[in-house]
Amino acid sequence: MNIIGAPVNPGKSCQSFMNIRLDRFLSNNTSLTRSEAQRAIRTGRVRVGEIPVNDPAFKVGEGTSVRYEGIELGKRQSRYFMLNKPAGVVCATRDGKHRTVLDLIPCDEREGLHPVGRLDKDTTGLVILTDDGDWSHRVTSPRRHCAKVYRVGLVEPLPESARLALEQGIELRGERRPTLPAKVETLGMLEIRLSIQEGKYHQVKRMLAAVGNHVVSLRRESIGTISLDPALPPGAYRPLSADEVASIG
Ligand code: URA
């Protein structure tokens, strides 16, 4: 598996678009360089669908067919990556103040990507990035019951009554419904593995606070059957395998 090492130009931003530029699509799918692709587009050799397009910045949406000199280049494919999020980085596509998970992906790969769900700035571990909105929705929708598993460091031991409360579902302030049943595994005196099916704002921290405890460290280990690759150092990412993508039904 192709692991890509950490931050290129940390903090340097480049624009993120929902769709990829036509010149990039052309250079990604042919042997043309970016400037050759731009020339080919400007001289009318590229069609998007049935229409000749002369603007290299034209945005190619997913599933759009592109032809170069009459040859179909194939439809744009969705992209999926897993990233080992370090602490101090925010799960957003842009942020005026902090480095984002997209800043850990080189500019030429990050176009159109968004993080699937959010981790807090101080939370580490598995973040999935994709440009496939439907797939992303399947991961985050509580109706799909896609488990998110966290390793949680606690300020004090978790009594049995608190474990039961978390497993049954717990009322969180400001929420209309209790949390869906969670699974708790004790890993040590001050450490648990918690599996939840939703992704409410600060959910794990709020659940532990609701049973009188406090989270001191939080790391996401898996989403559904997709586990953080142990070969990925903090800040590094790799493409998801076809099986990993298909595992989200
Ligand atoms: N729950 C939290 O409280 N924080 C996270 O980052 C993820 C889940």
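Predicted model, so just to flag it, every value in this text is computed and none were measured.

## Some thoughts on the packing of aromatic side chains
For the structure shown, the criterion picks out two aromatic pairs. When the ring of Tyr80 is compared with that of Trp135, the centres are 5.0 Å apart and the planes differ by 65°; the resulting orientation is edge-to-face. Here Tyr80 is found in strand β7 (residues 80-85), whereas its partner Trp135 is found in helix α4 (residues 133-140), with 55 residues between them in sequence. In this pair, the class of Tyr80 matches that of Trp135, namely buried. Summarising the aromatic geometry, the rings of Phe81 and Tyr237 are spaced 5.5 Å apart at their centres and angled 80° between planes, so their arrangement reads as edge-to-face. Within this pair, whereas Phe81 is found in strand β7, its partner Tyr237 is found in strand β15 (residues 237-239), the two being separated by 156 residues in sequence. Each member of the pair Phe81 and Tyr237 is classed as buried.

## Some details on the side chain of Ser222
Tracing the backbone through its elements, the reader meets Ser222 in strand β13 (residues 215-223). Judged by relative accessible area, which is 9%, Ser222 ranks as buried.

## Section: the packing of helix α1 (residues 22-29) against helix α2 (residues 34-42)
Where α1 contacts α2, the axes come no closer than 8 Å and their chain directions differ by 120°. Between α1 and α2 lies a crossing whose hand is right-handed. Where α1 abuts α2, its residues Leu22, Asp23, Arg24, Leu26 and Ser27 lie against Arg34, Ala37, Gln38, Ala40 and Ile41. Looking at side-chain class alone, the contact of α1 with α2 contains five nonpolar, two polar and three charged residues.

About the criteria used
Residues numbered from 1 in each chain as written. Predicted model: local features only at pLDDT ≥ 70, side-chain atom pairs only at ≥ 80, totals over all residues. Heavy atoms only, no water. Phe/Tyr/Trp six-rings, centres within 6.5 Å; stacked < 30°, edge-to-face > 60°. Helix = DSSP H or I, 4+ residues; strand = E, 2+ residues; numbered from the N terminus. Buried < 20%, exposed > 50% of the residue type's maximum accessible area, 1.4 Å probe, protein only. Axes fitted to C-alpha atoms, helices over the stretch in contact; angles between N-to-C directions. Left-handed = near helix turned anticlockwise from the far one by under 90°. Contact = heavy atoms within 4.5 Å. Nonpolar A, V, L, I, M, F, W, Y, C, P; charged D, E, K, R; others polar.

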